[in-house]
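If you want the building blocks of each chain, they are given just below.
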Amino acid sequence: MIEIENITKRYGAVTVVNDVSLVVQPRTITVIVGTSGSGKTTLMRMINRLVEPTAGVIKLDGEDNRTLPGYELRRRIGYAIQGHGLFPHRTVAQNIAVVPELLGWDKAKIDARVRELLALFQLDPETFGPRYPHELSGGQQQRIGVARALAAEPNVLLMDEPFGALDPVIRSKAQEDLLAIQKRFGTTIILVTHDMEEAIHLGHKIAVMDGGNLLQYATPAEILANPATDFVATLVGTGDRPFRFLSLSPAGDAVEPGTAEGEAIPASATQRDALAELLWSGRPALPVVNEAGKAIGRVTVDGLVKRASRPAA
Amino acid sequence: MKLRLPTILRIGILALLIVFLLRPDWFEPIFRPLTQNNAPVIYNQGSLLTLTLLHLRTVAIATAGATIVAVALAILVTRPFGAEFLPLSRSLVNIGQTFPPVAVLALAVPAVGFGEKPTLIALFLYGLLPIFENSLTGLTTLPPTVTDAARGVGMTGWQRLVKVELPLAMPIILAGIRLSVTINLATATIGSTVAAKTLGEVIIAGLQSNNLSFVLQGGLIVGVLAVMIYDGLSAMERFISRRMGLLQQS
Ligand SMILES: Nc1ncnc2c1ncn2[C@@H]1O[C@H](COP(=O)(O)OP(=O)(O)OP(=O)(O)O)[C@@H](O)[C@H]1O
Ligand SMILES: [Mg+2]
């Protein structure tokens, strides 16, 4: 658990982060969104003390993060920096091995971990391990940056716009990878982005920042349904709101009894995908199948449209 | 491996230099036209090989000293606790550069006597600036995301310096050392005016007896050494830079 209590950061007379408090539950993903310069990076860097707060306390599992020396704290917290920050003079394998080496793991264990992580990110250890960062594509560099942050199996992972530089296809692939990794290791993740779409997709909770202030800290559904301020509403994008809302839940939740003709949609697909498919194919209803491929009912245009309307506050 | 023309040229020049140092008399016919009145053609007041080695030794010691001091100074003033000494150390090193080496020699002789010592002092002071300036540039222009990452992964100040900052600054520091060595290879010849054993002896002997052949021999050896060492160190820098992706494969 990460407890941020009344954190303020000032540079001279300028307040960059203003009295922010929030609690991040263990094994969840919290996404910090906001426009450029709103203080997202600064807030995140106060967790691993790359920036020291002017006022306030941050506790990790109940313990003040100033109990340990900064460098020891940072070895325990994974940090994927804005713009990957790989060491250009070290190979990919050496880059990933940095934190385990600082922690004094033995060589065999480090080697095994490096291979495991490369495999996890679908990069062949024999091919990519000995390469230097400049011999990788941007997407590969980004993945190595995340792999380095995960190397010492941290409980907490901080990610600063990890998918910013990626094209849409690789980006959604990287997001799926991240969700899978988070499920598998139960890592508590704090991720910074300025893309609301990404925040809604990834976050269990979303923190909206503007001008150093925390405007709203809530679940994606809550933020979509009841934006706290006009700024949050603008960020959410009023035009897209119903569709974003539908993207939060799987089609399986909207299943109605009955059957329908044509190609089926898996229950794990989002309701937004289901509606899109319905509209695109001009059908009134779609069959829904579960993981085993067995029909469990259907989704209808009417049913989905009702769900897309604003929930009662 | 295919030998390319520059490589062949380098090997050829090195071989020629070694042969000349070991068997200077073989080259007598080439230098003969430069002498008059049956004066000796090849330097005969000592071994060219010994003088060359002593010359190199003087430059090596002075440059090594200058490197250690300049790099240490650059490290010191780029740490948080040393930042306030940055202007001071810059001006100190600049003074070392503006002082003519001859003046340093003249001042050093009364203090430490004749011979190699005053030469070492002059070369040391003269070699400081390029290395210091380059080390400073190297250590202060590192990519911010990389230094940030070094802190982010939990390196201590010392680990950041040794594992990240110095390796990344190395090509620029090496360029400073290269500059310093080349300047000092030439400057070392004036050490012979205060009785240091360097190739300057050959040149001075030639000047005193109006023997152009001697002057040319001394000058050529110094010149060839400077070019070859410059070339070798450049190759080393390129190799390291390429390793780090700072320079694209040509
Ligand atoms: N070391 C510093 N000294 C002075 N001002 C700073 C410093 N670091 C950040 N700031 C200022 O604090 C504000 C917030 O910066 P921060 O990096 O947290 O923004 P951000 O929300 O991460 O923006 P982006 O989306 O562009 O990354 C900016 O106005 C920035 O100029
Ligand atoms: Mg930022």
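Here goes a summary of the coordinates provided. (Residues numbered from 1 in each chain as written. Chains lettered and ligands numbered in written order. Predicted model: local features only at pLDDT ≥ 70, side-chain atom pairs only at ≥ 80, totals over all residues. Heavy atoms only, no water.)

## Description of the sheet that holds strand β8 (residues 188-193) of chain A
Residue and element names in this part refer to chain A.
Part 1: Strand order in the open sheet formed by six strands is β6-β7-β8-β3-β9-β10, and the pairing between neighbours is mixed. The two strands at the open ends of the sheet, each matched to only one other strand, are β6 (77-80) and β10 (213-218). Averaged over neighbouring strand pairs, the angle between their axes works out to 15° when direction is ignored.
Part 2: The pairing of strand β3 (residues 29-34) with strand β9 (residues 205-210) spans five bridges and is classified as parallel. Across the sheet, residue Val 31 finds its bridge partner in β9, namely Ile 206.
Part 3: Strands in contact with helix α8 (residues 168-185) are β3, β7 (156-160) and β8; relative to β8, the strand with the most contacts, it is inclined by about 160°. (Pairing = 2+ DSSP bridges. Helix = DSSP H or I, 4+ residues; strand = E, 2+ residues; numbered from the N terminus. Axes fitted to C-alpha atoms, helices over the stretch in contact; angles between N-to-C directions. Contact = heavy atoms within 4.5 Å.)

## Side note on unusual backbone geometry
All names here are of chain A.
Part 1: Not every positive phi belongs to a glycine, and Asn 6 is a case in point at roughly 50°.
Part 2: Residue classification places Asn 6 among the partly exposed residues on the basis of a relative accessible area of 43%.
Part 3: The phi angle at Glu 153 is positive, at roughly 50°, despite the residue not being glycine.
Part 4: By secondary structure assignment, the location of Glu 153 is in the loop between α7 (138-150) and β7. (Buried < 20%, exposed > 50% of the residue type's maximum accessible area, 1.4 Å probe, protein only.)

## Looking at the site of ligand 1
All names here are of chain A.
Part 1: Close to ligand 1 lie Tyr 11, Val 16, Thr 35, Ser 36, Gly 37, Ser 38, Gly 39, Lys 40, Thr 41, Thr 42, Gln 82 and Glu 161.
Part 2: A distance of 2.5 Å is found between an oxygen atom of ligand 1 and a side-chain nitrogen or oxygen belonging to Ser 36.
Part 3: The contact in question runs from an oxygen atom of ligand 1 to an N or O atom on the backbone of Gly 39, over 3.0 Å.
Part 4: Across the shell around ligand 1, the residue classes break down as two nonpolar, eight polar and two charged. (Near = heavy atom within 4 Å. Polar contact = N/O pair within 3.5 Å; in protein donor to acceptor, adjacent residues only side chain to side chain. Nonpolar A, V, L, I, M, F, W, Y, C, P; charged D, E, K, R; others polar.)

## Describing the interface of chain A and chain B
Part 1: With 22 residues of chain A at the contact, the number on the chain B side is 20 residues.
Part 2: Taken together, the connections running from chain A to chain B amount to one salt bridge.
Part 3: A salt bridge links Asp 148 of chain B to Arg 45 of chain A; the shortest N-O distance between them is 2.5 Å.
Part 4: The tally of links from chain A across to chain B stands at six residue pairs in polar contact (both at pLDDT 80 or more).
Part 5: Looking at the side of chain A that touches chain B, the elements that each hand over two or more residues are α2 (70-76) and α4 (98-102) of chain A.
Part 6: Among the residues forming the side of chain A that touches chain B, the class breakdown is eleven nonpolar, five polar and six charged. (Salt bridge = Lys/Arg side-chain N within 4 Å of Asp/Glu carboxyl O.)

## Notes on the coordination of the magnesium ion (ligand 2)
All names here are of chain A.
Part 1: For the magnesium ion (ligand 2), the protein coordination sphere consists of Thr 41 (OG1) and Gln 82 (OE1), at 1.8 to 2.7 Å. Here Thr 41 is found in helix α1 (residues 40-47), whereas its partner Gln 82 is found in the loop between β6 and α3 (92-96), with 41 residues between them in sequence.
Part 2: The partly exposed category is assigned to Thr 41, whose relative accessible area is 24%.
Part 3: On the basis of relative accessibility, which here comes to 35%, the residue Gln 82 falls in the partly exposed class. (Donors = N, O, S within 2.8 Å, 3.2 Å for Na, K, Ca; no water.)

## Digging into the environment of Met 44 of chain A
Residue and element names in this part refer to chain A.
Part 1: Looking at where Met 44 falls in the secondary structure, it is placed in helix α1.
Part 2: Given a relative accessible area of 0%, Met 44 falls into the buried group.
Part 3: Apart from residues no more than four positions distant in its own chain, Met 44 is found in contact with Tyr 79, Leu 158, Met 159, Asp 160, Ile 190, Leu 191 and Val 192.

## Structural notes on the environment of Asp 111 of chain A
Part 1: Checked against the element boundaries, Asp 111 of chain A lands in helix α5 (residues 107-120).
Part 2: Note: C-alpha distance between Asp 111 of chain A and Ile 47 of chain A (64 residues apart in sequence) is 29 Å.

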